[in-house]
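# Working through the structure, step by step
The primary structure of each chain is shown beneath.
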Amino acid sequence: PDPRDDYLNGRQLFVELDRLRFGCTIIKKSIISSLILLTFSLPISAADVNTFIINGDATVTDKKTSLMWQQSEGEAMTWDASLAYCEGLVLSGYTDWRVPNIKELASLVDDTKYSPAINIEAFPGTKSLYYWSSTSSECYKDKAWYVYFNIGIMSYTYQTGSNYVRCVRSEQ
């Protein structure tokens, strides 16, 4: 088995816990913070330097996931604006860009690095800040999941806040 699968399943577990949220009951923030640290302190690195192909056209392809990524990002924007931005993006001749779901975005995290926790050879200039995913919270319809690339953790916040976005497309 691929150890990366276990890593992503650990991250996905937290997404599933958010969906269950014990019937969407509010849990004390300190308990959630502890759960985040427990869930995301796995010693396996999801991103592997050898999986990325720098295409030379402002895109990067991940050989393990068969996803093509926008190599850089624009300005910070709201969640709705990020959805529109990626849907309207024309890059390297492709028009089928979208905001990645939380599992896809988490696959870029490299736990051997921090500030930013990502392969900077493949994604130079990545800010050690928050990046939107397309995954909204099941319990809080006005919140969406993000990855904080300073240390590579995930959480959710109000969709009206401003975060960065890195668009993705599936390779055909």
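Residues numbered from 1 in each chain as written. Predicted model: local features only at pLDDT ≥ 70, side-chain atom pairs only at ≥ 80, totals over all residues. Heavy atoms only, no water.

## Details of the packing of aromatic side chains
A full pass over the atoms with the stated rule returns seven aromatic pairs. The interplanar angle of 90 degrees and the centroid separation of 4.9 Å between the aromatic rings of Y130 and Y146 together place this pair among those described as edge-to-face. Highlighted residues: Y130 in strand β4 (residues 130-136) and Y146 in strand β5 (residues 143-148), separated in sequence by 16 residues. Since its relative accessible area comes to 31%, Y130 is described here as partly exposed. Assessed through its relative accessible area of 12%, Y146 is described here as buried. Each ring, one from Y130 and one from Y148, has its centre 4.4 Å from the other, and the planes form 15 degrees; the classification is stacked. Taken together, the positions of Y130 in strand β4 and Y148 in strand β5 put the pair 18 residues apart, joining distant regions of the chain. Y148 gets classed as buried once you look at its relative accessible area, which sits at 18%. (Phe/Tyr/Trp six-rings, centres within 6.5 Å; stacked < 30°, edge-to-face > 60°. Helix = DSSP H or I, 4+ residues; strand = E, 2+ residues; numbered from the N terminus. Buried < 20%, exposed > 50% of the residue type's maximum accessible area, 1.4 Å probe, protein only.)

## Some details on the state of the cysteines
Tallied over the entire structure, the rule returns one disulfide. The disulfide that involves C86 links it to C167, with 2.0 Å between the sulfurs. Here the disulfide of C86 and C167 is left-handed, its torsion about the S-S bond being about -85 degrees. Taken together, the positions of C86 in helix α3 (residues 79-88) and C167 in the loop between β6 (153-158) and β7 (168-170) put the pair 81 residues apart, joining distant regions of the chain. A relative accessible area of 0% places C86 in the buried class. (Disulfide = S-S within 2.5 Å.)

## Observations regarding the sheet that holds β4
With respect to topology, three strands assemble into an open sheet ordered β4-β5-β6, the strand pairing being antiparallel. The sheet is open, and its two edges are formed by β4 and β6, each paired on a single side. Between one strand axis and the next, the sheet turns through 35 degrees on average, direction left out of account. In the sheet, β4 pairs with β5 via four bridges, with the strands oriented antiparallel. Note that in β5 the partner of Y130 across the bridge is Y148. In this fold α3 packs onto β4 and β5, with an angle of close to 85 degrees to the strand it touches most, β4. (Pairing = 2+ DSSP bridges. Axes fitted to C-alpha atoms, helices over the stretch in contact; angles between N-to-C directions. Contact = heavy atoms within 4.5 Å.)

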